[in-house]
Amino acid sequence: MNVFVGPPNTGKTKWLQTLDFLLGDPGANPYESTEAEGLAEKYDAAGAFLQIGEAHYRIERRWTEPGAKGKVFVDGEGMLAREFQHWLMGKLAIPIVSYPKGNPMSGQTWPELGFRSLLRHIYRQQRFWGNLVDQQPDAEFHASLLSFLGLADRVYSEDYGALVDLRLESMTLRARREQYAQTLNDLAVDLLDAEDVSLGVNEVTISAAQQRLRDSVDKLEAERLRVLTAARTRAIPADQISRVETLSLARANQLEALTSVGRRRQAAEERLKDIGRYRKDLADEIDRMERAADAGDILSDLRVTHCPACDQLVKPGHDKGHCFVCHQHLPEAPEIEGLGAVRLRFEQERLSAELKEADELLDVLRRDVDKQAQEVRAAEEALRAIEVELGPARQAVAALAQADVSAIDVALGKAAERGKQMDRVTAALELGKSLTAKIHALEERIQPLSDKVDEALRAIDFNAAADWLESGMNAYLEALNHERPNTWKHSRVEIDLSRSNVSFRIGRKRWQGALGGTDTLYFLMAYNYGLLSLSQRPQTHYPGLAIIDVPGEFSGESIGDKENFIVQPFIDLLSDEAFEGAQLIITGASFSGLKGVHVQTQTHVHVA
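Residues numbered from 1 in each chain as written. Predicted model: local features only at pLDDT ≥ 70, side-chain atom pairs only at ≥ 80, totals over all residues. Heavy atoms only, no water.

A. Summary view of the overall build of the chain. Across its full length, the chain holds 14 helices and 14 strands. Here the chain holds 608 residues, and the buried ones make up 38% of them. Sequence separation of at least 24 residues holds for 70% of the intrachain contacts in the chain that already meet a minimum separation of 6. For the chain, the exposed area adds up to about 35400 Å²; of that, 51% sits on carbon and sulfur atoms. (Helix = DSSP H or I, 4+ residues; strand = E, 2+ residues; numbered from the N terminus. Buried < 20%, exposed > 50% of the residue type's maximum accessible area, 1.4 Å probe, protein only. Contact = heavy atoms within 4.5 Å. Areas by Shrake-Rupley, 256 points an atom, 1.4 Å probe, with all protein chains shown as cover.)

Here you go:
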């Protein structure tokens, strides 16, 4: 229990602000803007010793040292403020979690809950006595409280984060599908005729429209055939109709034959080009072999002069019957000299044989191409002869049926265009089906994960955790009544805690509406007491430290020995062996007569 006492402007608040700065405040040092007796010039660094468990550390801030302004030095090692927060959370065994700001499904990035957010509950500044934690958003306050109670890592688990991500992705796909369907319907009004689709575009309506279009096309084609048949009957004498039918059949067969011959001719020409390229490659290879043979004749007398591994000069050995490089026995000289020439001759003969075969195959293919060309010309001539013979009959039929056939052909053209538009819409509908499939796949992943998260949350006893803090706060208020009867005249403090919200009530009312100025002081002191009381519970993560900068005046009266009773419950709490190592730092104007505390008296008044 550490009490800093002294009159106003003796540096009590500045001392605590310095400690706050040492604990990772990323802002300016507490002396940078002060004008009291030139403190900004007097101090260029600050340090403190931390004891965490059995380990001791020295932390420093050096705000005038180049490159050190934004760093916290731990045992001489510089860390950025964010790194220091991670280091401190690790040493305190407080899990680092990310929490949602408001609605988890809002799509906002989940910020990290750092030590600075927790410190706002641990350190009550002199200017922040209007709320449990002033100027802290509700979501951050709730996450900090869950962290102290040991629930944050269970509520904001990796599974919960993954579940939110999957649900957001599913919502995005659903919105995209809905927007896509609406856009497609709007476009379909311009793409399709009203007779095809009138009430909206979907797989069923498009399929029905396509079937109606096919039926309409079949009727038009049947009508076209009927018109042509009737015109032919009127225009061509009966004794010539059989001849015209024979010629029409012959024309169809000749067109098919012409197409088949054309394909064979094209295949033969492609084969001819392939063999031509192959023959050129063979000729080039033979040229390279001949150059290699000429080079071998010139270079055959060269010998190895340097080792290929170490590049040192090779000295011939004394035994001339062995290789001076590998030291193996040498065969007869003529045999060695002839090996290379034999291999070259063999390769040249093989390539020459392949070249001869290629030339022969080229001749065969050229003749085949010529033959196919002749067949194409013959088929074209036969087709022209049939066309000439059919010409008069066609002209006679066309003269009678031209108007009707043209109208039918126009209708068929429109139907074909409508069919293309329907095919495009059908292809566009595939995207909607794809989105539906993706949504279905996500839902299959969401359901088991949701069950797992719900089961984990059901296993969390929020009421029991709230009771821990609630009991601590009420214990403080009961201690006040013991020290000074009738100090707290209100009902008990009640806390409602859930996975997403927390509320503090006095009886049935919210505490802000139930308490006046002095009672608010007691209530806020009770909150810090309740948090400090969590330190002895192994399942919680409160670090066993409270820092309270009490206002110099409250309700118009100076806080002196008559206000010692607001501190006595803390003294009694910390005297318990279960709270060994826990600490309270509190400031005041006097607090005279307190026992069992370490008093640091500030006497020098700093003035500007």
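B. Seen up close, the sheet that holds strand E8 (residues 502–506). Ordered in space as E7-E8-E9, the three strands form an open sheet in which the pairing is antiparallel. Of all strands in the sheet, those bounded by a partner on one side alone are strand E7 (493–497) and strand E9 (509–510). Of the strand pairs in this sheet, E8 and E9 are connected by two bridges, and their pairing is antiparallel. Pairing of arginine 505 across the sheet is with arginine 510, part of E9. The sheet contacts of helix H5 (residues 138–148) involve E7 and E8, and relative to E8 the element is tilted by about 85°. Contacts between helix H11 (residues 462–483) and the sheet are confined to E7 and E8, with E7 contributing the most and set at about 160° to the helix. (Pairing = 2+ DSSP bridges. Axes fitted to C-alpha atoms, helices over the stretch in contact; angles between N-to-C directions.)

C. Representation of the side chain of threonine 587. Topologically, threonine 587 is positioned in strand E13 (residues 583–588). Of the polar contacts made by the side chain of threonine 587, one reaches the side chain of aspartate 549; its length is 2.6 Å. Here threonine 587 is in contact with Phe4, Lys12, Leu16, Ile548, Asp549 and Val550, once residues within four sequence places are set aside. (Polar contact = N/O pair within 3.5 Å; in protein donor to acceptor, adjacent residues only side chain to side chain.)

D. Structural view of the pattern of salt bridges. This model, assessed by the stated rule, comprises 19 salt bridges. Between aspartate 359 and arginine 279 there is a salt bridge whose closest N-O contact spans 2.6 Å. In this pair, aspartate 359 is assigned in helix H10 (residues 333–458) and arginine 279 in helix H9 (residues 238–299), connecting sequence segments 80 residues apart. Since its relative accessible area comes to 29%, arginine 279 is described here as partly exposed. What emerges from the salt-bridge pattern is a single network uniting Arg58, Glu60, Arg62 and Glu65. (Salt bridge = Lys/Arg side-chain N within 4 Å of Asp/Glu carboxyl O.)

E. Here's a closer look at the environment of valine 364. In this fold, valine 364 is placed in helix H10. C-alpha separation for the pair valine 364 and leucine 272, spaced 92 residues apart in sequence, amounts to 9.3 Å.

F. Up close: unusual backbone geometry. Positive phi values are uncommon outside glycine, yet aspartate 75 reaches one of about 50°. Along the polypeptide, aspartate 75 turns up in the loop between strand E4 (71–74) and strand E5 (77–80). Notably, alanine 93 is not glycine yet its phi reads approximately 60°, a positive angle. Structurally, the position occupied by alanine 93 is in the loop between helix H3 (81–91) and helix H4 (115–122). The class of alanine 93 is exposed, set by a relative accessible area of 53%.

G. Up close: the pairing of strand E3 (residues 55–61). Sheet topology note: the strand E2 (residues 46–52)/E3 ladder contains seven bridges and is antiparallel. Among the inter-strand pairings, leucine 50 is bridged to a residue of E3, identified as tyrosine 57. Linking two consecutive strands that pair antiparallel, namely E2 and E3, is a turn of two residues; a positive phi of about 65° is found at glycine 53 within it. As judged from the two bridges shared by E3 and E4, these two strands associate in the antiparallel manner. Each bridged residue has a counterpart across the sheet, and for isoleucine 59 the counterpart in E4 is valine 74.

H. Representation of the nonpolar core within the structure. Ranked by internal contacts, the top residues of the largest apolar core, which has 110 residues, are Met1, Phe504, Phe523 and Tyr527. The element best represented in this core is helix H13 (residues 517–533), accounting for 10 residues. In this structure phenylalanine 523 touches Leu132, Met473, Trp488, Val493, Phe504, Ile506, Trp511 and Leu515, once residues within four positions along its chain are discounted. (Core = buried A, V, L, I, M, F, W, Y, C linked by side-chain atoms within 4.5 Å.)

I. Up close: H13. Over its 17 residues, H13 extends 24 Å from the first C-alpha to the last, a length consistent with the 24 Å expected when each residue adds 1.5 Å. For H13, the tally of buried residues reaches 15 of 17 residues, placing the bulk of the element in the interior. (Expected span 1.5 Å × (residues − 1).)

J. Seen up close, the packing of H4 against H5. Here H4 crosses H5 at 85°, and the two axes come no closer than 10 Å. As the angle between them shows, H4 and H5 are arranged roughly perpendicular. The residues of H5 that touch H4, namely those facing Ser117, Leu118, His121 and Ile122, are Glu140, Phe141, Ser144, Ser147 and Phe148. Taken together, the residues of the contact of H4 with H5 break down into four nonpolar, four polar and one charged. (Parallel < 35°, antiparallel > 145°, perpendicular 65-115°, else oblique. Nonpolar A, V, L, I, M, F, W, Y, C, P; charged D, E, K, R; others polar.)

K. Structural detail: the sheet that holds strand E14 (residues 598–601). Taken together, the five strands give an open sheet; going across it, the order is E6-E10-E13-E1-E14, and neighbouring strands pair in parallel fashion. Each having just a single partner strand, strand E6 (123–124) and E14 make up the two edges of the open sheet. Inspection of the sheet shows E6 paired to strand E10 (residues 545–549) by two bridges, in the parallel sense. Across the sheet, the residue bridging to tyrosine 123 is isoleucine 547, located in E10. Packed onto the sheet, H13 meets E6, E10 and E13 and runs at close to 165° relative to E10.

L. Spotlight on the packing of aromatic side chains. Following the criterion strictly, the structure yields 15 aromatic pairs and no others. Ring centres of phenylalanine 141 and tyrosine 527 lie 6.3 Å apart, and the angle between their planes is 25°; on these two criteria the pair is classed as stacked. Note that phenylalanine 141 is positioned in helix H5 and tyrosine 527 in helix H13, a separation of 386 residues in sequence. Note on accessibility: phenylalanine 141 and tyrosine 527 belong to one class, buried. Pairwise contacts between aromatic rings join Phe141, Phe504, Trp511, Phe523 and Tyr527 into one cluster. The side chain of arginine 58 reaches across the aromatic face of phenylalanine 49, ending 5.2 Å from its centre. Over the aromatic face of phenylalanine 73 sits the side chain of arginine 62, whose NZ or CZ is 3.8 Å from the ring centroid. (Phe/Tyr/Trp six-rings, centres within 6.5 Å; stacked < 30°, edge-to-face > 60°. Lys NZ or Arg CZ within 6 Å of the ring centre and 35° of its normal.)

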